[in-house]
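# Architecture and fold: a report
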Amino acid sequence: MPFVELSTLTNFTFLTGASHPEEVIVRAAELGMPALAVADVNSVAGIVRAHTKAREIARDGGPTVRLIPAARIVLTDGFQATCLPRDRAAWGRLCRLLSLGQLRAPKGQCRLELADLLDWGEGMEMLVLPPDQRLTLAEAPPAPMGDSSRWRGHVRALAERFAGQVSLALAPRYDGQDADRFRQLSDLAARLGVPPVATALPFLHHGSRRRLADVLTAIRLGVPVDRLGRRALPNNEGRLRSEAEMLRIFRGHEATVHRSSDVAARAAFSLDELRYEYPSENAPGETASQRLARLAEEGLRWRYPEGAPSRVRAQMAHELALIAKLAYEPYFLTVHDIVAFARSRGILCQGRGSAANSVVCYALGVTSVSPEIGTMVFERFISEARNEPPDIDVDFEHERREEVIQHIYDRYGRHRAGLCATVIHYRGKRAVREVGRAMGLSQDTVAAMSSQIWGWGGPGAITDQRLTEIGLDPKDRRLRQTMRLIDEIQGFPRHLSQHVGGFVITEGRLDELCPVENATMEDRTIIPWDKDDIDSLKILKVDILALGMLSCIRKAFDLIERHHQQRLTLATLPPEDPATYAMLCRADSLGVFQVESRAQMNFLPRMRPRCFYDLVIQVAIIRPGPIQGDMVHPFLRRRNGQEPGSFPSDDLGRVLGKTLGVPLFQEQAMQIAIVGAGFTPEEADRLRRSLATFKKHGSVSEFHDRFIGGMLARGYDEDFARRCFAQIEGFGSYGFPESHAASFALLVYASAWIKRHHPGIFACALLNSQPMGFYAPAQIVRDAREHGVVVLPPCINASHWDNVMEWLTRPGQPPDLALRLGFRQIKGIAEEEARWIVAARGNGYQAVQDVWRRAGVGPAVLARLAEADAFAVLGLSRREALWAAEALAPGPALPLFSGDIEGEAIVEPAVQFREMTLGEAVVEDYLAMRLTLRAHPMALLRPVLDAA
């Protein structure tokens with residue numbers, strides 16, 4: 001029987017395993033191993049990657065390696081056993097076991113006892129590891145193998161409870177004592193009544209990773225490699241072994257090597273058996289399909305009060321039929337219910353991404369832009385041939401998204417809902433810092449090397465020339481070795497974090513599909529698989545995302561309703577307002593969603609948007625893809641009439657007409673392939689994916705000939721065909737979907753309309769939604785004042801925590817809304833303290849001491865208010881108010897002043913303070929609030945500069 005490795009660590013046992021799960025599978029295939037178990041410590045985080053790689057190798061005609069999903073269970077008393085589930089039910093119990101231990105402990109830890117293993121171990125093959133075996137890269141020298149009574153008691157309890165499931169692992173130590181050790185362990189196994197099984201306990205796929213394994217150990221222990229001592233690997237033998245090598249190592253114990261195949265045969269569970277079931281979402285008296293059709297029809301009447309166009313109705317019928325065929329109705333109903341909950345709480349939300357290609361999503365209220373605006377390609381969202389789950393992204397107000405997340409947990413339970421993980425990998429700067437320290441480089445050297453990396457970095461990011469420029473010798477042996485290790489560690493997982501909002505929700509128990517663990521953030525639980533893993537297993541997720549501009553727009557809508565009695569929504573904003581477009585043409589877009597960057601501001605006067613679709617193009621065109629694909633200037637020349645927009649056929653004219661013959665969107669790339677080259681929608685989507693990400697298989701070149709040949713067969717010029725493909729290739733992964741751009745363009749229009757017609761309210765809402773966007777509060781306030789908004793300073797008797805709009809009456813002028821800065825603009829003031837001040841204010845404070853006595857805030861808070869000049873309304877200058885705040889006694893009276901104390905405040909003769917100059921006041925404003933309403937700092941320097 002061939003040897004099967006039953007307990008392999010990967011680098012998802014963080015800072016211990018030194019090989020990717022994919023590398024382990026590839027190496028097993030090279031060694032001719034028929035199966036292999038990936039068993040990370042108290043984790044199954046890496047097994048989907050290994051499973052996916054094994055499928056890919058088999059699909060491409062390579063040798064079949066069956067992945068055996070497993071986990072190495074480590075109990076709190078140090079007892080360790082590798083658990084391999086025999087069937088789907090046992091896999092569910094393993095996930096429940098891991099969830100139990102991880103939910104008891106902080107993130108990244110697991111607390112399990114023998115009783116837990118006895119409760120949940122049914123149906124698992126268990127490889128018990130001897131007490132002296134180095135199970136991970138040891139942090140201390142191993143103790144001699146002993147017949148520990150506690151350890152023996154654990155093994156007997158497991159063997160008695162799970163007869164025929166328990167084996168004793170025999171693993172080499174490569175220390176010259178293995179033959180004796182194997183004999184002793186075999187005798188021990190006989191006394192305990194369990195069979196011995198051979199394993200190499202590998203944590204390297206290849207011996208070349210030995211140095212990196214030592215570096216990982218050094219990082220984990222926080223010591224340089226030079227000081228690892230016996231904790232460093234003595235050799236590179238901890239690698240994956242072939243059958244021939246194992247038979248040589250276990251000479252005289254060959255039966256233990258062959259017995260691994262018996263265990264592997266019994267551990268027959270495969271991840272392919274996982275059948276994800278989405279919550280049924282049935283309503284009383286109707287199926288999910290009937291409920292979705294009813295809600296979609298009601299939504300269509302809501303969206304089109306005058307009657308939906310026939311094209312839209314036909315598209316919806318097509319979509320509903322495909323959704324029913326693929327049984328995705330519950331998914332759409334879940335998203336609808338989440339969006340309905342948010343709206344019932346007044347939380348602004350909007351779907352985006354490829355879901356905006358769907359009439360059903362539009363009718364359900366998930367997306368806000370009609371698919372008619374763009375070129376609908378529903379297969380961009382859902383495809384029967386692609387057989388991949390749809391992915392709906394919904395943005396919610398960033399300050400209130402947590403309400404939606406907790407609603408999902410409350411409705412489905414934490415045993416049925418969890419957030420996806422995000423794998424944090426080693427990238428440039430982190431790799432330099434941690435490997436550099438482990439290799440003993442000085443802090444100054446590490447900092448200098450790190451400073452040479454821009455962005456994500458990557459292997460080879462620091463060249464020899466750059467090392468020379470910062471005063472290092474690229475030929476230095478230690479430095480060369482460090483650079484090799486930095487390159488090698490790039491892409492290694494460092495730890496798991498939580499996805500920004502990807503929820504997995506199940507009909508049954510989620511913790512029987514995969515483990516559930518605590519996130520660092522309170523009241524969050526996550527699964528150990530990221531979005532690529534769940535895509536590979538065809539598990540549906542809903543993205544519950546946060547968007548600051550939605551918070552801003554909702555607050556602006558509330559202010560408009562409060563002060564102007566006009567209730568607005570994204571759907572009821574006055575459409576195609578010329579004044580709004582005129583403002584954007586002037587690049588007057590500070591704070592406006594998506595078009596506030598310098599690049600967008602530079603393009604607006606050249607684009608001169610005059611309708612909503614112009615905004616769609618504006619959002620999409622200033623992106624790396626269209627810029628790199630040389631699409632910006634041809635589009636502008638055609639828009640300005642400097643060159644004609646030519647279309648080789650009417651069919652392509654319909655595809656590219658809106659963008660003047662220049663393909664700007666991913667949907668257009670697909671439509672060109674469909675209309676011009678005869679691709680099926682599924683082939684076109686594969687083309688998009690081959691351009692969009694290196695993670696998917698299928699290179700661009702395999703589509704090149706098919707694309708060119710298809711266009712030639714339809715009578716197109718070869719030159720034109722090659723130019724089309726080059727443009728599609730040019731913007732690949734950086735191109736925007738048209739549907740996504742349309743969703744964002746709606747928020748561009750909404751925020752621009754509010755800024756144009758209610759600039760004070762827009763500035764107020766922006767300030768109350770900080771931090772967000774490109775601009776600091778000082779720039780937002782300056783921009784508002786340039787638009788004629790009166791901005792009033794923080795006031796102890798008028799301000800609230802948030803900035804507010806208040807009616808201002810001035811002699812000879814009609815009442816006008818002014819923006820009153822709130823206490824949130826003052827550094828060092830907490831929201832709770834501000835709310836106490838407002839609650840206790842009554843008819844107003846008369847002195848600094850009043851605030852202290854009535855609101856109960858401390859002298860430090862009063863000093864912050866004084867520094868922000870919030871007591872000016874009481875006739876106190878900044879220095880007078882600060883003096884009064886400092887005079888308040890925070891503790892027992894000092895004997896020296898006992899005769900001068902009245903109540904709890906020191907009574908002193910009046911003090912005359914020199915009045916602050918304008919320059920001093922401006923400086924103090926910036927120190928207290930990071931902005932000033934007095935004068936621009938450069939205005940104070942202008943006379944000096946003019947004189948110079």
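Just above, that's the structure.
A brief structural summary.

Definitions and limits used
- Counting of residues starts from 1 at the beginning of each chain's written sequence and follows it residue by residue.
- Given that the model is predicted, a residue must reach a pLDDT of at least 70 before its local features are reported, and side-chain atom pairs must reach 80 or more before they are shown or counted; all residues, however, enter totals for whole chains, interfaces and linings.
- Only hydrogens and water are set aside; all other atoms, that is, all heavy atoms of the structure, feed into the side-chain values.
- The numbering of helices and of strands both runs from the N terminus, where a helix is a DSSP run of H or I of at least 4 residues and a strand a run of E of at least 2.
- We call a residue buried when its accessible area falls under 20% of the maximum for its residue type, exposed when it is over 50%, and partly exposed in between, using a 1.4 Å probe and counting protein chains only.
- Note on contacts: a residue pair qualifies if any of its non-hydrogen atoms lie within 4.5 Å across the two residues.
- Here the Shrake-Rupley method, with its probe set to 1.4 Å, supplies the accessible areas, and only the displayed protein chains count as covering residues.
- Any carboxyl oxygen of Asp or Glu within 4 Å of a side-chain nitrogen of Lys or Arg constitutes a salt bridge here.
- Note that a disulfide, as used here, is simply two cysteine sulfur atoms within 2.5 Å.
- Under this definition, polar contacts are N or O atom pairs within 3.5 Å; protein pairs additionally need one hydrogen-donor-capable and one acceptor-capable atom, and for neighbouring residues in sequence, both atoms have to be side-chain atoms.
- For two strands to be treated as a pair, DSSP must find at least two bridges joining them.
- For helices, the axis comes from a line fit to the C-alpha atoms of the stretch in contact; other axes are also lines fit to C-alpha atoms, and the angle between any two N-to-C directions lies between 0 and 180 degrees.
- A helix is expected to reach a length of 1.5 Å times the quantity of its residues less one.
- In this scheme Phe, Tyr and Trp rings, the latter by its six-membered ring, pair at centre separations within 6.5 Å, and the angle between planes marks the pair as stacked below 30 degrees, edge-to-face above 60, and tilted otherwise.
- Only when the NZ of Lys or the CZ of Arg is both within 6 Å of the ring centre and within 35 degrees of the ring normal is a charge said to sit over the ring.

Summing up its helical and strand segments, the chain has 39 helices and 19 strands in all. A burial count over the chain gives 55% of its 948 residues as buried. The contacts of the chain with a sequence gap of at least 6 include a subset with a gap of at least 24, amounting to 73%. Surface summary for the chain: the accessible area is close to 40000 Å², and the carbon and sulfur share equals 51%.

On to helix α15 (residues 428–438), then. Taken as a whole, α15 has its buried residues at G428, A431, V432, E434, V435, G436 and A438. Buried residues along α15 sit in contact with α7 (210–221), α16 (443–450), α18 (477–489) and β11 (493–505).

Moving on: the pattern of salt bridges. Under the counting rule described, the total for this entry stands at 57 salt bridges. For D116, the salt bridge is made with R104, and the minimal N-O distance between the two is 2.7 Å. Taken together, the residues D116 in helix α4 (residues 114–120) and R104 in the loop between α3 (88–103) and α4 connect sequence positions twelve residues apart. Since its relative accessible area comes to 6%, D116 is described here as buried. The closest approach of N and O atoms between D802 and R824, which form a salt bridge, is 2.8 Å. Remark: R824 occurs in the loop between β17 (816–820) and α34 (831–839) and D802 occurs in the loop between β15 (790–792) and β16 (804–808); sequence separation between them is 22 residues. By relative accessible area, R824 is classed as partly exposed at 24%. Residues joined by salt bridges that share partners form a network here, namely E397, R554, D558, E561 and R567.

Before going further, it helps to spend a moment on the state of the cysteines. Counted under the stated rule, the structure contains zero disulfides. No disulfide involves C552; its sulfur sits 9.4 Å from the nearest other cysteine sulfur, which is in C764. C764 sits in the buried class, given a relative accessible area of 0%.

Moving on, we get to the side chain of T506. Within the secondary structure, T506 is located in the loop between β11 and β12 (517–518). Residue class for T506 comes out buried when judged on its relative accessible area of 4%. Among the polar contacts listed, one links the side chain of T506 to the backbone oxygen of G508, at a separation of 2.8 Å. In terms of polar contacts, T506 uses its side chain to reach the backbone amide nitrogen of L510, at 3.2 Å. When near neighbours in sequence (up to four residues on either side) are disregarded, T506 contacts Y276, E277, P279, R416 and L513.

Across a sheet, strands are paired by hydrogen bonds formed along the backbone, either parallel or antiparallel in direction. With mixed pairing, the seven strands of this open sheet are ordered in space as β1-β2-β3-β4-β5-β6-β7. A strand with exactly one partner marks an edge of an open sheet, and here the two such strands are β1 (5–8) and β7 (196–198). Sheet twist, expressed as the mean angle between neighbouring strand axes with direction ignored, is 30°. Pairing analysis gives four bridges linking strand β3 (residues 66–74) to strand β4 (residues 80–85), with the strands arranged antiparallel. Bridge pairing links V74 to Q80 in β4. Along the sheet, α3 contacts β3, β4 and β5 (124–128); its crossing angle with β3, the most-contacted strand, is approximately 35°.

As summarised here, the arrangement of the three strands in space is β15-β17-β16, forming an open sheet in which the pairing is mixed. The sheet terminates laterally at β15 and β16, the two strands that pair on one side only. Adjacent strand axes in the sheet meet at a mean angle of 40°, parallel and antiparallel pairs treated alike. Examined bridge by bridge, β15 and β17 share three bridges and lie parallel to one another. Paired with V790 across the two strands is A818, which belongs to β17.

Over its 16 residues, α3 runs 22 Å from end to end, which matches the ideal 22 Å to within 8%, given 1.5 Å per residue. Of the positions making up α3, those classed as buried are A90, W91, G92, L94, C95, R96, L97, L98, S99, G101 and Q102. Looking at the buried residues of α3, the elements they touch are α2 (47–59), β3, β4, α4, β5 and β12. Sitting at the amino-terminal end of α3 is D87, which places a side-chain oxygen 3.3 Å from the backbone nitrogen of A89.

Of the consecutive residues Q770 and P771, the connecting peptide bond is found in the cis state with omega at 0°. Positive phi, close to 55°, is recorded for Q565, a residue that is not glycine. Considering the arrangement of structural elements, one finds Q565 in the loop between α20 (548–564) and α21 (578–585). Residues other than glycine seldom take positive phi values, yet E576 does so here, at roughly 50°.

Moving on to the packing of aromatic side chains. This model, assessed by the stated rule, comprises eleven aromatic pairs. Here the aromatic rings of Y331 and F332 are separated by 6.0 Å at their centres, their planes lie at 90°, and the arrangement is edge-to-face. Like Y331, the residue F332 is buried in the burial classification. The side chain of R414 reaches across the aromatic face of Y409, ending 4.0 Å from its centre.

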